[in-house]
Amino acid sequence: MATLLYRLGRGSFRRRRLVVAVWLVVLVGLGLAAATLRGPTASNFTMPGTESQRALDLLATQFPAASGATGTIALKAPADGQLATPQGQAVVKEIVQEAGTLPGVVGAVDPMTVGAVSPDGRYALVQVQFATGADEVDDAQRAAYERVGAAAEAQGWQVAPGGEVLGGEPEVGSTEALGVAVAAIVLIITFGSLVAAGMTMLNALIGVGVGMAGLFALSSVVELTSTAPILALMLGLAVGIDYSLFITSRHRQNLREGLPPDEAVGRAVGTAGSAVLFAGATVVIALAGLAVVNIPFLTVMGLAAAGTVTVAVLVALTLQPALLGFAGRKVLPRRLRSALPDPTAEDASTPADPTPAEDRSAFGFRWARLITRFRVPVILVGLLGLGLLALPTPDMRLALPDAGSAAVGSPARVSNDLVTEGFGAGFTGRLAVVVAGDDPQATAAAVPQVTALIQRTDNVLAVAPPQLSPDGRTALLGVVPKTGPTDAATETLVHDIRGAVGGIRNADVLLTGATAIGIDVSEKLSDALPIYLLLVVGLSVLLLMLVFRSLVVPVKAALGFLLTVAATFGITVAVFQQGHLADLVGLDTPSPLVSFLPILLIGILFGLAMDYEVFLVSRMREDFVHGDTAQQATINGTGHGARVVTAAALIMISVFGGFVFLEDPVIKSMGFALAVGVAIDAFVVRMTIVPAVMSLLGARAWWLPRWLDRALPNVDIEGEGLRAHLTDKTPTPV
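Residues numbered from 1 in each chain as written. Predicted model: local features only at pLDDT ≥ 70, side-chain atom pairs only at ≥ 80, totals over all residues. Heavy atoms only, no water.

Enquirer: Would you mind showing me how to read the overall build of the protein chain here?
Expert: When you go through the protein chain residue by residue, the secondary structure sums to 25 helices and 11 strands. In terms of overall dimensions, the protein chain is globule-like: its C-alpha atoms have a radius of gyration of 30 Å, near the 27 Å expected for 734 residues. Each principal axis of the C-alpha distribution contributes one length, and for the protein chain these read about 105 × 50 × 45 Å. For the protein chain, the proportion of its 734 residues judged to be buried stands at 56%. Taking the contacts inside the protein chain whose residues are at least 6 apart along the sequence as the reference set, 81% of them involve residues at least 24 apart. Of the roughly 29900 Å² of accessible surface on the protein chain, a fraction of 62% belongs to carbon and sulfur atoms. Positive and negative charge centroids in the protein chain, built from 48 and 58 side chains respectively, lie 13 Å apart. (Helix = DSSP H or I, 4+ residues; strand = E, 2+ residues; numbered from the N terminus. Rg over C-alpha atoms; globule rule 2.2 N^0.38 Å. Buried < 20%, exposed > 50% of the residue type's maximum accessible area, 1.4 Å probe, protein only. Contact = heavy atoms within 4.5 Å. Areas by Shrake-Rupley, 256 points an atom, 1.4 Å probe, with all protein chains shown as cover. Lys, Arg positive; Asp, Glu negative; His and termini not counted. Charge placed at Lys NZ, Arg CZ, Asp CG, Glu CD.)

Spelled out as structure tokens, the structure:
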């Protein structure tokens, strides 16, 4: 593999104009396709096979008039009892008429006729029915809906439009640009060259542009959730910069050793490119593996992110060598360029006299010597610290986000708070019970039984009268809990209702609603999580066994990954669920974590963790097989890789951290968890615990049974085959 990548790198370098032209054509072509074919993103979470989804599907067929998006306009009069006065009723009627004539709206319900008025006569709820689903409501219709009631507000009323119709695609703004700017600064400091930093960043941005354009071009035929493009952008930026960084760093090292530029690029792609290809493949496999959960929106999210990572790998292996060809020796700082010899032949494959030996007093080597000297205390302190960080993990609760967790001051949050203030938290997360019989008589007989059973259930505030479908075979009952949609008591209520109505005969009774859907999502993900975790850990052990030809190193890497995941979950729960230090991340209201965050985090962190593992440990193995002691090989691997791994981790933390400042709570928690996970894995696990464990194990770390050694294919990620290939090419002196 290393030899093949070496040839690919040299070929891209020598045909750099063609390579750049091809990628620019691809970028422009996909950009035009995205502009013309881009479809809407979906904000709903479909869950085939679950009770809540079956209920929604049944409602869509039996109540087609109500299949569109709904909105709720919360009203607050200036004083108690004002809704009972003629003047107050006139204001409400005017708002209802205005809402009913909005573009895209099929009707609005007067709260005075259905009793949607608070006991004190000050609050009312206007139900608005749209003709299309929330994803088909355009920006103009949404903006008109948000402006309802301007005349009433001028009279001192508070009018707060809300509901699912306000759910839109999260906006990506300047906060992400801040993360990219920090990443650029890290590159400049790492390379000491604006050219090297600029080439690396340009390469990553082109890769992200191609990946995102391709994703949006497919959105007309594939339904994307609103978070899928953000996740793809987040990962594409982070790994794109990191992969380009690895290759550029090795290229610069080769130049300092006196290699001509084309040979330096070829060897960089053949060695560091092998690690990039392996790391990218693990990320792609882990993300594509989300399909085993069999949840469509999660599968699409995983495949979308896997697509951008694939593009990042291809760009790093082909476009980056081409760009480095245009830069030449300018990727080095001026002081190093002046000290290099000038080879007479650009295609020479033998290095000139190498530059003086590297300074082993650098921080990376000093850190490695310190870690290996105090390896036992370091391991104990590291394990204890990560264990303490993981303590909140067992308290983790999962749910789908609701308006109560939206940013303070946003239209959805204002409406949610006003409904809670006037009617109680339960009105923001009403449940729906669908009763379906074989004939109208069966349904009519079952509805009173269901109503009575639900009314006797704890934590139920009210049960609305049934609405019947046109054929009379399906009835819809609204249930109002006493507690909010993400409250643990509401979750218990969902289970209690399902248990209470489970014995009804001659009719199917299905419970749905935001809380019920969240519970079904969480339970399905919880069932799939052990299988997925086993798949990921098993994959890591197998792949690392192929790479390092060792049994101990893969097991150690997998255990380190589990430590990273546990500590990351613990910190995320402490901040986003328990509210500790929530102000630092701009979190207004602590709430349960989004249901799909744990499994998504495991898939992403797995690939990133293996990235750093390969980069550090491959150098340790390289030195060990060439005669160094296990102790010295550990020091060399850590010392050589510390600077690049530190820079790569800081870049990923910066990119992920930029998404923490978005208002969307789902994106905020994802960015935070990924940034924390990368920090823990890179600095605590890979650069601290791993060298200590490798030093403690010594040569035993590289043990592999002979029969297994013969059975495993040689992937040659260290470039041993490449070195043999280059040696054969070098003419023997006469």
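Enquirer: Honestly, the side chain of E613 in this entry has me stumped. Any pointers?
Expert: Assignment of secondary structure puts E613 in helix α21 (residues 597–625). If we skip the residues at most four places from it in the chain, E613 touches L544, F548, V553, K556, A557, S618, R686 and V690.

Enquirer: Explain the sheet that holds strand β3 (residues 123–130) here, please?
Expert: The pairing of strands in a sheet happens through backbone hydrogen bonds and is either parallel or antiparallel. Taking strand neighbours across the sheet as the criterion, the four strands line up as β2-β3-β1-β4 in an open arrangement whose pairing is antiparallel. Because the sheet does not close on itself, it has two edges, and the strands there are β2 (105–109) and β4 (158–162). Taken over all neighbouring pairs, the strand axes of this sheet differ in orientation by 20° on average, direction set aside. One ladder, built from five bridges, connects strand β1 (residues 70–76) with β4; its direction is antiparallel. (Pairing = 2+ DSSP bridges. Axes fitted to C-alpha atoms, helices over the stretch in contact; angles between N-to-C directions.)

Enquirer: What is the right way to look at the packing of aromatic side chains in this model?
Expert: The geometry of an aromatic ring pair comes down to the distance between the two centres and the angle between the two planes. Under the defined criterion, the tally for this structure stands at eight aromatic pairs. Relative to F606, the ring of F561 has its centre 5.8 Å away and its plane inclined at 75°; by these criteria the two rings are edge-to-face. Placement of the pair is F561 in helix α20 (residues 552–577) and F606 in helix α21, with a sequence separation of 45 residues. Taken together, F548, F624 and W702 form an aromatic cluster joined through their ring pairs. The ring of F326 carries the charged tip of R16 above its face, separated from the ring centre by 5.8 Å. (Phe/Tyr/Trp six-rings, centres within 6.5 Å; stacked < 30°, edge-to-face > 60°. Lys NZ or Arg CZ within 6 Å of the ring centre and 35° of its normal.)

Enquirer: Just to check I follow, could you spell out a nonpolar patch on the surface for this structure?
Expert: On the surface, L18, V22 and V26 cluster together into a nonpolar patch covering about 240 Å² of accessible area. Position of V22 among the secondary structure elements: in helix α2 (residues 16–37). (Patch = residues over 30% accessible without salt bridge, like charges linked within 9 Å, V, L, I, M, F, W, Y side chains within 5 Å. Salt bridge = Lys/Arg side-chain N within 4 Å of Asp/Glu carboxyl O.)

Enquirer: For this particular structure, what's the right way to read helix α14 (residues 363–373)?
Expert: Each α-helix winds once per 3.6 residues, and so residues spaced three or four apart point in a common direction. The set of residues buried in α14 consists of G364, F365, A368, I371 and T372. Within α14, the buried residues cover an arc of 125° as seen down the axis, which keeps them to one side. Residues of α14 that are exposed and angled more than 90 degrees away from the buried face: F363 and R373. On its buried side, α14 packs onto α15 (375–389), α22 (630–658) and α23 (665–697). (Arc of directions from axis to C-beta.)

Enquirer: Is there a simple way to explain the pattern of salt bridges in this structure?
Expert: A side chain of one charge can pair with a side chain of the opposite charge if their charged atoms are brought near each other. For the structure on display, the rule yields 15 salt bridges. In this structure, R14 and D262 form a salt bridge, with 2.9 Å as the shortest nitrogen-oxygen distance. On the criterion of sequence distance, the pair formed by R14 in helix α1 (residues 2–14) and D262 in helix α11 (residues 261–288) is long-range, its members being 248 residues apart. Since its relative accessible area comes to 45%, R14 is described here as partly exposed. A salt bridge links R122 to D80, with the shortest nitrogen-to-oxygen separation between them at 3.8 Å. Pair noted here: R122 is in the loop between α5 (111–114) and β3 and D80 is in the loop between β1 and α4 (86–100), with a separation of 42 residues, a long-range link. Judged by its relative accessible area of 22%, R122 falls in the partly exposed class. Exposure remark for D80: the relative accessible area of 53% places this residue in the exposed category. Each of the salt bridges in this network shares a partner with another, and the network as a whole consists of R10, R14, D262, E263 and R267.

Enquirer: In this structure, what is going on with the packing of helix α10 (residues 228–256) against α11? I would like to understand it.
Expert: The description of two helices packed together rests on the angle between their axes and the distance between the axes. Relative to each other, α10 and α11 sit at 155°, their axes nearing to 8 Å. With respect to each other, α10 and α11 are oriented roughly antiparallel. When the axes of α10 and α11 are compared, the crossing they make is right-handed. Of the residues in the contact of α10 with α11, the class split is 15 nonpolar, five polar and two charged. (Parallel < 35°, antiparallel > 145°, perpendicular 65-115°, else oblique. Left-handed = near helix turned anticlockwise from the far one by under 90°. Nonpolar A, V, L, I, M, F, W, Y, C, P; charged D, E, K, R; others polar.)

Enquirer: What should I look at first to understand the pairing of β3 in this one?
Expert: In summary, the side chains of a regular strand alternate between the two faces of the sheet. Most of β3 sits out of view: seven of its eight residues are buried. Here β1 pairs with β3 via seven bridges, running antiparallel. Counted as the bridge partner of T70 is Q129 from β3. As paired strands, β2 and β3 are joined by four bridges and run antiparallel to one another. Opposite V105, over in β3, you have F130 as the bridge partner.

Enquirer: How should the packing of α14 against α22 be read in this particular structure?
Expert: Interhelical geometry of α14 versus α22 gives an angle of 140° and a closest axis separation of 7 Å. Of the possible angle classes, the one that applies to α14 and α22 is oblique. Relative to α22, the crossing made by α14 is right-handed. Contacts from G364, F365, W367, A368, R369 and T372 in α14 reach Q631, T634, I635, N636, T638, G639, H640 and A642 in α22. Of the residues in the contact of α14 with α22, the class split is five nonpolar, eight polar and one charged.

Enquirer: What is the right way to look at the nonpolar core in this model?
Expert: Counting 167 residues, the largest nonpolar core has Y243, L298, F561, F596 and F656 as its most contacted members. Listed in part, the 26 residues of the second largest apolar core include V105, V128, F130 and A152. (Core = buried A, V, L, I, M, F, W, Y, C linked by side-chain atoms within 4.5 Å.)

Enquirer: Just to check I follow, could you spell out unusual backbone geometry for this structure?
Expert: Where the residue is not glycine, phi is negative for most of them; where a peptide bond is considered, it is trans in most cases. The residue N459 is not glycine, and still its phi comes out positive at about 75°. Within the secondary structure layout, N459 lies in the loop between α17 (440–455) and β7 (460–463).

Enquirer: Help me out: how do you make sense of the pairing of strand β10 (residues 507–512) in this one?
Expert: The buried fraction of β10 is high, at five of six residues. As judged from the six bridges shared by strand β6 (residues 431–437) and β10, these two strands associate in the antiparallel manner. The residue bridging A436 from the neighbouring strand is D508, located in β10.

Enquirer: Just to check I follow, could you spell out the environment of G570 for this structure?
Expert: Relative to the helices and strands, G570 resides in helix α20. Judged by relative accessible area, which is 0%, G570 ranks as buried. Spatially, the C-alpha atom of G570 lies 20 Å from that of D588, the residues being 18 residues apart in sequence. When near neighbours in sequence (up to four residues on either side) are disregarded, G570 contacts L389, A390, P392 and T393.

Enquirer: Any chance you could explain the confidence of the model for the protein chain here in plain terms?
Expert: Predicted coordinates in regions of low pLDDT should not be interpreted in detail. Of all residues in the protein chain, 91% attain a pLDDT of 70 or more, and the chain-wide mean is 84. No element of the protein chain has a lower mean pLDDT than helix α25 (residues 720–729), at 62, and none a higher one than α15, at 95. With pLDDT under 50 throughout, residues 344–357 is counted as low confidence; its partners more than four residues away or in other chains account for 27 contacts. (pLDDT = per-residue confidence, 0-100.)

Enquirer: Even after reading the chapter, I still don't get the environment of F672, so can you show me in this structure?
Expert: Turning to its location among the elements, F672 is positioned in helix α23. Taking C-alpha positions, F672 is 29 Å from R38, a pair spaced 634 residues apart along the chain.

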